[in-house]
Amino acid sequence: MPPQPTNSSAADHEVRAGDLRYDALRRGFNQRWIASPDYVAVLSSTDQVVAALTKYLSTYTGHPGKMPRIGLRSGGHCYENFVCGTDVKVILDLGQMDRVYQDQKMGGAYCVEAGATNWQTATHLYRAYGVALPGGSCYSVGAGGHISGGGFGLLSRLHGLTVDHLSAVEVVVAPDGRTPQVVVAKRDSSDPAVRDLWWAHTGGGGGNFGVITRFWFRDLPKPPSEVLLSQVAWPWAQMKKDRTSFKNLVRNYGQFFADHQADQRDLFSLLKLTHHSNGQIGLITQLDAGPSDRTADAVRRLQSFLDCLKKGVQVPTTTLTQRMGDHDPMAGLEVPVRLPWLTATQTLNGSGDNRCGKYKSAHMTRNFTERQLDVLFDYLTTERYTNPHALVQVDSYGGAINKVRPDATAVPQRSSILKLQYQTYWQWTTDADGDGAADWRDGLIADAVPDAAPHLQWIRQFYQAMYQDTGGVPVLADYTPPSGTERPANAGPVTTDGAYINYPDTDLGDPRWNRSGQPWHQLYYGRNYTRLQAVKDRWDPHNIFRHAQSVQPTPR
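This write-up is about the structure you can find in this document.

Reading guide: rules and limits
Residues numbered from 1 in each chain as written. Predicted model: local features only at pLDDT ≥ 70, side-chain atom pairs only at ≥ 80, totals over all residues. Heavy atoms only, no water. Pairing = 2+ DSSP bridges. Helix = DSSP H or I, 4+ residues; strand = E, 2+ residues; numbered from the N terminus. Axes fitted to C-alpha atoms, helices over the stretch in contact; angles between N-to-C directions. Contact = heavy atoms within 4.5 Å. Salt bridge = Lys/Arg side-chain N within 4 Å of Asp/Glu carboxyl O. Buried < 20%, exposed > 50% of the residue type's maximum accessible area, 1.4 Å probe, protein only. Parallel < 35°, antiparallel > 145°, perpendicular 65-115°, else oblique. Left-handed = near helix turned anticlockwise from the far one by under 90°. Nonpolar A, V, L, I, M, F, W, Y, C, P; charged D, E, K, R; others polar.

### A few points about the sheet that holds strand β9 (residues 211-217)
Here is step 1: Read from one edge of the open sheet, five strands run β5-β6-β9-β7-β8, paired in antiparallel fashion. The two strands at the open ends of the sheet, each matched to only one other strand, are β5 (100-103) and β8 (181-186). Going across the sheet, the axis of each strand differs from the next one's by a mean of 25°, ignoring polarity.
Here is step 2: Judged from the four bridges that link them, strand β6 (residues 109-113) and β9 form a sheet pairing that is antiparallel. Within β9, the residue paired with Cys111 across the bridge is Trp216.
Here is step 3: On the sheet, helix α6 (residues 192-200) packs against β7 (166-173) and β8 and is oriented at approximately 80° with respect to β8.

### What about the pattern of salt bridges?
Pairing is possible between side chains that carry opposite charge, provided their charged atoms lie close to one another.
Here is step 1: Applying the stated criterion across every chain, the model contains 34 salt bridges.
Here is step 2: Measuring nitrogen to oxygen at the nearest pair gives 2.2 Å for the salt bridge that ties Asp297 to Arg300. Note that Asp297 and Arg300 are positioned in helix α9 (residues 295-310) at a spacing of three residues, about one turn of the helix.
Here is step 3: For Arg300, a relative accessible area of 53% corresponds to the exposed category.
Here is step 4: What you see here is one network of salt bridges that share partners, running through Glu80, Lys358, Lys360, Arg460, Asp505 and Asp507.

### What to know about the packing of α6 against helix α14 (residues 529-539)
Angle between the axes and distance between the axes: these two values describe a pair of packed helices.
Here is step 1: Closest axis-to-axis distance for the α6/α14 pair is 10 Å, and the angle between their directions is 120°. Here α6 lies oblique to α14, going by the angle between them. Seen along the crossing, α6 lies across α14 with a hand that is left-handed. Residue-level inspection shows Ala193, Val194, Asp196, Leu197, Trp199 and Ala200 of α6 in contact with α14, the latter providing Arg531, Leu532, Val535, Arg538 and Trp539.
Here is step 2: The residue makeup of the contact of α6 with α14, split by class, is eight nonpolar, no polar and three charged.

This is the structure in structure tokens:
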């Protein structure tokens, strides 16, 4: 086990206003959220986390539940203001806790520290041990948030979620509201309360129970030696004139993964349904290439998949040349390319610009309804809103993920075939304060043109229209309308199973946007929320670790 840095004074690691690093460290990936904390503590060991948390708890006195909020950051990719909110007084930054190694003190389990990024995790595990964590493709996302929220990536249909392999987690907690303590919670802990703390970190999300410092994994799978990587596109100039072809493409995509839950699990795909102003609809696909003398078999499987998608689509495919969400176009992949798995992972390792964004999500248990296909077409081809960086990304899902019981981890969505991520991105463009530059400060001017407004309006109305039959949100599969209301007589079947906590959306807690009768925590956690609350009651009853969608203690 690599040595952790020795303990030192908490103040030695604090970045305050006036430090040249402060402006960078008080923000994360999403430039909508800029905090003004008293300081950011840059930490590189569990001992340093304990010291920093001790100082926070002793400095901000009063009833623990009324203390100023503390933000916890591993990689900085939180979509909402859970870390960099204006009400955050202290940020604990664990980005320097980024080691990945085999820990003999834990019986040879693979240790991933909370600040390790997806790319660090992938390269360290594969180069040294030949194994992989089935995690995300965005290279700079940190382990602390990604894993605790469930963790998902291109290997998940084949090997499950990241948390399906989690054996232990180290968390710095403060049950008494004053004294931090380090707990290593294991899957097989003899103490039920400690075992439940482990379970809560298998999809309960970050910032809920304490400061996550390390994870351990056992029985990690070996990724394919080599994969086929492909990308194709359909031009919007033609597709915009052909609603039927668009609907057939999206319907065919959904039906393929509905039909192939038990097989083709190595095939993972991203369908990028961009706003028409982007110019193209994109498709990125990866699958196991098999032995070098069987490349033709993998190519045939890929071609069969593409042929399935093209049925009834009169618009021909073309070379993908446009950036879509986090992914830049990759030259030459209109012809499938055979690459070593790690090389392909690096090729797909997009993170995107540091810009403003709003996101929403949905799990789908069955294919799109005809009405939903029409809504997709209408909102992606509208002329009332123009943004080439707005899209719905439709990820293939299921397979090995759905072999796990809904209550075995904190992730209840174990029957989905697709996962949707609604995304819109923008930059600050209005120089409202007259300093010659457009940035977040312009948003503080009272009469400034709200750069965010058209983007928020589009994505909110789009989402509402997609799920108008179920109160404007992707309800759980066993949905019952609220008392006194009825679903529309012509409503189609419920196709959804809630949302993904790692794509947080505070609109789910706003009655203007969620009229379903299912609160935000039910959409994320289903029936698992009651157990998560019990963990909260035991390990953070004073609600020290909280944000707009954190697990709440049981009301007393």
